[in-house]
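Understanding the architecture of this molecule
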Amino acid sequence: MCGICVPHCPTFGLTQNEADGPRGRISLALGLSSGQLAADATVVDHLDRCLSCLACESVCPSRVAYGSLMDHLRTALAAGDFTADMTTQRTPDTTTVDEAALPKAARRIWTALRNRVLSRRRMMGRLGSLLRILQRLGLGGALRTLGGPWGRALPRQLPKRFHPAAHRPATHKTNETGRSARRVGLFIGCTGEALNSDAVRAGIRVLQALGHIVEIPEGQACCGAMHQHGGDLATATRLRAENRQVFSDPDLTAIVVIGTACTAELQREPQAAPVVEITDYLANLPDADWPPLNPLAIRAGIHLPCSQTRVLKQPGSTERLLRRIPDLTPVPLATNDRCCGAAGMHVLMYPDQAEALRAPKLEEIERLKPDCVVSANIGCATHLAAGLGVAVRHPVELIARALA
Ligand code: SF4
Ligand code: SF4
């Protein structure tokens, strides 16, 4: 109840409404669990607008486990666990049938979209290919206009699809400096075939140039982050178990992940090998492992995802990695302490909020005028790119360019 977290909350910053901040949401959770509040449209909206960015948890002196509280609360809401107890209710329940039905219907639609499309890599790959064809036919602008806020969230240019089945692990046993090869499993995530395929190709190239044997298990599943934070803890747990099985090869020295949010999710439970995001993995490789990199005389704006700074706690990895490239100037954004608003499915569920939270970052980037912007999380990268009109790259893509 101290309120120290409140000014750090991006959604409170937008509305200045206590119910849109962490302390208010905890009070709403208490009201729901005690039966004094009904899970009506207003209450659910205040709770659902939370980004799970953990800015609050990271400053809380009492170490309130806010993120875990919110994951469990959303799961209980999805299960319909909360019914107002009319005997203890302090204020009259004015919820009408329609008000209660609306969030339930919307929840069903978002759950179906998450389970049937967004968490399925091949489906996302097919959709990406379709969108790419439409863009080539010159229909990209129309899609963006006619799709309203969801159209505006679409990337302006989609990279070529990546097919994991076509990947053949290189069998060389040393890198360019003569060091022995390490065998790593590469986790590419649901966006690895479509939205994030350039980063995946760059990651493979860099790892192989550094003497790694890169395995990409075909059966890898979604990391479960959208389920974990969206009210389906059981599915999130099942998906992590599936991935544990798929990456159980005892010869793997690491499970390297392209993307900070997926890494944070897979790290919830022990895997057969350490789970590491590729940015941090490469940043920590010793100098002796690296071949010389070509200079890139550019200024790279660095966006830091909340999953990288507050969950993985690796705020310096991107800059340390990019400093390996001669002549490159890293420019960390001053707005890195605030969530960009993408936050998994939030960018689709609450596009108004997502655009408002992104605006200060776009202004900063416009002012700094870097030659490119990097982000180690595809959700943030896509959200920023949609507003900037230029691609936002994963840091490993710049390393791949410097290897060329
Ligand atoms: S997780 Fe982020 S958006 Fe949610 S209450 Fe905490 S600071 Fe606010
Ligand atoms: S969550 Fe922590 S920082 Fe926020 S009001 Fe409660 S005790 Fe204070």
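Residues numbered from 1 in each chain as written. Chains lettered and ligands numbered in written order. Predicted model: local features only at pLDDT ≥ 70, side-chain atom pairs only at ≥ 80, totals over all residues. Heavy atoms only, no water.

This part covers the overall build of the chain. For the chain, the count of helices and strands is 20 helices and 8 strands. Its C-alpha radius of gyration of 22 Å places the chain within 12% of the 22 Å reference for a compact globule of 404 residues. Across its three principal axes, the chain shows a C-alpha extent of roughly 75 × 45 × 45 Å. Counting across all 404 residues of the chain, residues that qualify as buried make up 53%. Long-range contacts, defined as pairs at least 24 residues apart, comprise 73% of the intrachain contacts of the chain with a sequence gap of at least 6. A total of about 18300 Å² of accessible surface is found on the chain, and carbon and sulfur atoms cover 56% of it. Taking the average place of the 46 positive charges on the side chains of the chain and the average place of its 37 negative ones, the gap between the two points comes to 5 Å. (Helix = DSSP H or I, 4+ residues; strand = E, 2+ residues; numbered from the N terminus. Rg over C-alpha atoms; globule rule 2.2 N^0.38 Å. Buried < 20%, exposed > 50% of the residue type's maximum accessible area, 1.4 Å probe, protein only. Contact = heavy atoms within 4.5 Å. Areas by Shrake-Rupley, 256 points an atom, 1.4 Å probe, with all protein chains shown as cover. Lys, Arg positive; Asp, Glu negative; His and termini not counted. Charge placed at Lys NZ, Arg CZ, Asp CG, Glu CD.)

This part covers empty space enclosed by the protein. For the coordinates displayed, the defined rule picks out 2 cavities of 30 Å³ or more. Lining of the largest cavity is provided by 13 residues; of these, Cys9, Arg25, Cys50, Cys53 and Cys56 occupy positions nearest its centre. At the level of elements, α1 (10-15), α2 (22-33) and α4 (55-59) are the ones that each hand at least two residues to the lining of the largest cavity. Considering only enclosed or pocket space, the second largest cavity measures out at about 50 Å³ in volume. Lining the second largest cavity we find Pro149, Arg152, Ala153, Val347, Pro351, Ala354, Glu355, Arg358 and His383. When contributions to the lining of the second largest cavity are tallied by element, the ones reaching two or more residues are α9 (148-152) and α18 (351-368). Element by element, the count of residues in the lining of the second largest cavity is highest for α18, at 4 residues. Its residues assigned to classes, the lining of the second largest cavity comprises 5 nonpolar, 1 polar and 3 charged. (1 Å grid on protein atoms, 1.4 Å probe; cavity = no way out; pocket = protein on both sides within 12 Å on 5 of 7 lines; lining within 4 Å. Points joined across faces, edges and corners; volume = space filled by probe spheres on them. Nonpolar A, V, L, I, M, F, W, Y, C, P; charged D, E, K, R; others polar.)

The next subject is the pattern of salt bridges. Summed over all chains, the structure comprises 24 salt bridges. In this structure, Arg240 and Glu265 form a salt bridge, with 3.2 Å as the shortest nitrogen-oxygen distance. One end of the pair, Arg240, is in helix α12 (residues 233-246); the other, Glu265, is in helix α13 (residues 260-266), and 25 residues separate them in sequence. For the pair Arg240 and Glu265, a shared accessibility class is recorded, and that class is buried. In this structure, the salt-bridge partner of Arg240 is Glu269, at a minimum N-O distance of 2.9 Å. Here Arg240, found in helix α12, pairs with Glu269, found in the loop between α13 and β4 (275-277); they are 29 residues apart in sequence, far enough to count as distant. What makes Arg240 buried here is its relative accessible area of 5%. Taken together, the shared-partner salt bridges in this structure form one network comprising Asp71, Arg240, Arg244, Glu265, Arg268 and Glu269. (Salt bridge = Lys/Arg side-chain N within 4 Å of Asp/Glu carboxyl O.)

Attention shifts here to the side chain of Arg25. Along the chain, Arg25 turns up in helix α2. Although Arg25 lies buried, it forms no salt bridge, and the closest oppositely charged side chain, Asp20, sits 4.1 Å away as judged by the N-O distance. Apart from the residues lying within four places of it in its own chain, the contact partners of Arg25 are Cys9, Thr11, Glu18, Ala19, Asp20, His46, Leu47, Arg49, Cys50, Tyr66 and Met70.

Contacts to ligand 2 come from Met1, Cys2, Gly3, Cys5, Arg23, Ile26, Cys60, Pro61, Ser62 and Val64. Split by residue class, the shell around ligand 2 holds 7 nonpolar, 2 polar and 1 charged. (Near = heavy atom within 4 Å.)

This next bit is on a nonpolar patch on the surface. A contiguous nonpolar surface patch, about 240 Å² in accessible area, is contributed by Met123, Leu127 and Leu130. Mapping Leu127 onto the fold places it in helix α7 (residues 121-136). For Leu127, a relative accessible area of 39% corresponds to the partly exposed category. (Patch = residues over 30% accessible without salt bridge, like charges linked within 9 Å, V, L, I, M, F, W, Y side chains within 5 Å.)

The environment of ligand 1 is made up of 13 residues, and the closest members are Cys9, Arg25, Cys50, Cys53 and Cys56. Applying the majority rule of atoms within 2 Å of the grid points places ligand 1 in the largest cavity. Classifying every residue of the shell around ligand 1 gives 10 nonpolar, 2 polar and 1 charged. (Sits in = over half its atoms within 2 Å of the grid points.)

Pairing is parallel in the open sheet, where 4 strands are placed in the order β6-β5-β7-β8. Among the strands making up the open sheet, the edge pair consists of β6 (329-332) and β8 (392-393). Here strand β7 (residues 372-375) runs beside β8; their pairing, made up of 2 bridges, is parallel. Note that in β8 the partner of Val374 across the bridge is Arg393. Where helix α20 (residues 395-403) meets the sheet, it contacts β5 (299-303), β7 and β8, and its direction lies at approximately 120° from that of β7. (Pairing = 2+ DSSP bridges. Axes fitted to C-alpha atoms, helices over the stretch in contact; angles between N-to-C directions.)

This next bit is on the packing of α2 against helix α3 (residues 41-48). Packing of α2 against α3 brings their axes to within 10 Å, and their N-to-C directions diverge by 135°. Classified by the angle their axes make, α2 and α3 are oblique. The two elements α2 and α3 meet at a crossing, and its hand is left-handed. Of the residues in α3, those touching α2 at Arg25, Leu28 and Leu32 are Val43, His46 and Leu47. Here the residues of the contact of α2 with α3 are counted per class, giving 4 nonpolar, 1 polar and 1 charged. (Parallel < 35°, antiparallel > 145°, perpendicular 65-115°, else oblique. Left-handed = near helix turned anticlockwise from the far one by under 90°.)

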